[in-house]
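# Working through the structure, step by step
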Amino acid sequence: MYTILDGKETAAARRQKLAEQTRVMLESGQPAPGLAVILVGEDPASSVYVRNKCRACEEIGFLSRTYQLPCDTSERDLLALITTLNRDESIDGILVQLPLPPSIRQTAVIEAIAPEKDVDAFHPENLGLLFQGTPRFKPCTPAGILALLDRYHIPLCGKHCVVVGRSNIVGKPLSQLLLARDATVTVCHSKTEDLPSFTRQADLLISAVGKAGLITQNMIKEGAVVVDVGMNRNESGKLCGDVTFESVAPHCSFITPVPGGVGPMTIAMLMENTMAAASQRRLAR
Ligand code: GUN
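These notes cover the structure that comes with them. Worth saying up front: this structure is predicted, and the values here are computed from it rather than measured.

Analysis parameters
- For every chain, the first residue of the written sequence is number 1, and numbering continues from 1 along that sequence.
- In keeping with the model being predicted, local features are shown solely for residues with a pLDDT of at least 70 and side-chain atom pairs are shown and tallied solely at 80 or more, while totals for entire chains, interfaces and linings include all residues.
- Hydrogen atoms and water are omitted, and side-chain values are computed over all heavy atoms in the structure.
- A 1.4 Å probe that fits into a set of points on a 1 Å grid over the protein atoms alone but cannot get out defines a cavity; an open set with protein on both sides within 12 Å along at least five of seven lines defines a pocket, and lining residues are those with an atom within 4 Å of a point.
- Grid points are joined across faces, edges and corners, and a volume is the space filled by probe spheres set on the points.
- The helix and strand labels rest on DSSP assignments: H or I over at least four residues marks a helix, E over at least two residues marks a strand, and numbering proceeds from the N terminus.
- When residue character is reported, Ala, Val, Leu, Ile, Met, Phe, Trp, Tyr, Cys and Pro are called nonpolar, Asp, Glu, Lys and Arg charged, and the others, Gly included, polar.
- Here a pair means two rings of Phe, Tyr or Trp (six-membered ring of Trp) with centres within 6.5 Å. Their orientation is stacked below 30 degrees between planes, edge-to-face above 60, and tilted elsewhere.
- Burial classification: accessible surface area is computed with a 1.4 Å probe over protein chains only, and a residue below 20% of its type maximum counts as buried, one above 50% as exposed, and the rest as partly exposed.
- A ring is considered to have a charge above it if a Lys NZ or an Arg CZ atom is located within 6 Å of its centre and within 35 degrees of its normal.
- We call a set of buried Ala, Val, Leu, Ile, Met, Phe, Trp, Tyr and Cys residues a nonpolar core when their side-chain atoms join them within 4.5 Å.
- Here an angle of 0 to 180 degrees is reported between the N-to-C directions of two axes, which are lines fitted to C-alpha atoms, with helices fitted over the stretch in contact.
- Oblique is the label for any angle not under 35 degrees, not over 145, and not in the 65 to 115 range, which are roughly parallel, roughly antiparallel and roughly perpendicular in turn.
- By definition, any crossing whose near helix is turned counterclockwise from its far helix by less than a right angle is left-handed, and any crossing with a clockwise turn is right-handed.
- Working rule for contacts: check all heavy atoms of both residues, and any pair within 4.5 Å makes them a contact.

Let us look at the layout of surface pockets. In this structure, the largest pocket occupies an estimated 1500 Å³ of space. Y49, T141, M231, G263 and T266 are the residues nearest the centre of the largest pocket, which is lined by 48 residues in total. For the lining of the largest pocket, the secondary structure elements donating two or more residues are α1 (7-27), α2 (44-60), β4 (93-96), α6 (140-151), β9 (232-233) and α10 (262-284). P135, K138, A143, L146 and L177 are, among the 20 residues lining the second largest pocket, the residues nearest its centre. Elements with a contribution of two residues or more to the lining of the second largest pocket: α5 (124-132), α6, α7 (171-180) and α10. Residues that form the lining of the second largest pocket fall into these classes: twelve nonpolar, three polar and five charged.

Applying the stated criterion across every chain, the model contains two aromatic pairs. Aromatic pair Y2 and F245: ring centres 6.0 Å apart, planes at 85°, arrangement edge-to-face. With Y2 in the segment before β1 (3-4) and F245 in helix α9 (residues 245-248), this pair connects stretches of sequence that are 243 residues apart. The class of Y2 is partly exposed, set by a relative accessible area of 25%. The partly exposed category is assigned to F245, whose relative accessible area is 23%. Positioned above the aromatic ring of Y152, the side-chain terminus of R151 is 4.7 Å from the ring centre.

Look at the link from L98 to P99: it is a cis peptide, with omega at 0°. By the secondary structure assignment, P99 is in the loop between β4 and α4 (106-112). With an omega dihedral of 0°, the bond running from V258 to P259 counts as a cis peptide bond. Mapped onto the elements of the fold, P259 is located in the loop between β11 (252-255) and α10. The phi dihedral of A121 falls on the positive side, at around 65°, and the residue is not glycine. Along the polypeptide, A121 turns up in the loop between α4 and α5. Exposure remark for A121: the relative accessible area of 2% places this residue in the buried category.

The tally for this structure, following the rule as stated, stands at one cavity of 30 Å³ or more. Computed from the structure, the largest cavity encloses a volume of approximately 50 Å³. What lines the largest cavity is I94, L95, V96, L98, I110, I113, D118, D120 and F122. Per-element tally for the lining of the largest cavity: the top contributor is β4, with three residues.

Let us now look at the nonpolar core. Within the largest apolar cluster, 51 residues are counted, with the highest numbers of intra-cluster contacts made by L5, L149, L178, L204, V227 and M271. Considering every element that reaches this core, the biggest residue donor is α10, with nine residues.

A few words now on the packing of α1 against α10. The N-to-C vectors of α1 and α10 enclose an angle of 25°; their axes lie 8 Å apart at closest approach. The angle between α1 and α10 falls in the class roughly parallel. Classified by chirality, the crossing of α10 by α1 is left-handed. Across the interface between the two elements, G7, K8, T10, A11, R14, R15, L18, Q21, T22 and M25 from α1 touch P264, M265, A268, M269, M271, E272, M275, S279 and R282 from α10.

Here it is in structure tokens:
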């Protein structure tokens, strides 16, 4: 029998804790932490993510500001908005939803965000701190995965963790967080030859590719822990992960569902980073 790694419930408990901390802040006369979320264009998936992030802010009691900019926004205008938000005392965290339209350089935008307000932890300074083992903020999806595994007391020290996907948002930073927890880490990607020969060695298998049906039963070691970061739509429009859940789950000790696994944890960690940013900025004053 396998156990479901319930991200929905775990994230709700963490948000509840943040709501209590925010209430204490407000009662002691401090302002609530503030998060600014910028969305350029109208990508439907990005719009849903942004709406969920803003809803989480409001439920916790954070100040939430959303900037929905048209898809023909210039890089210069976007950078000007970021500069304004960098200086805005009521804003502790700034998030620019990715991907951006091709006319805007993602690196220029990420580098414009003040590292102290970079709650995604995408800025090169924050990536450097992460790789050094002394993170200022932990990237939200990788941190959410670790928080979920910890909630179920799943050991990482000495375990073989196979990460499928090498994105800047998930695969690369996740490999660093796992290394910092003394796991043995293998990172596989689209050019990996004989992917199943690697995944079958995994005590912990994490798929962050975005390809429905990528991970099948024959790729799993009996009793493995499987974490599915995929967010795909199947032919009928239903949300599904990278893992063929029904056939894989019976071979696992623990597995995340999609939806209700990693997704809610990502948002909870964004909220925790915003709280941490607020606390750090107030201490620095
Ligand atoms: N697009 C997909 N995931 C993320 C994320 O975690 N942060 C931002 N800013 N954009 C994303």
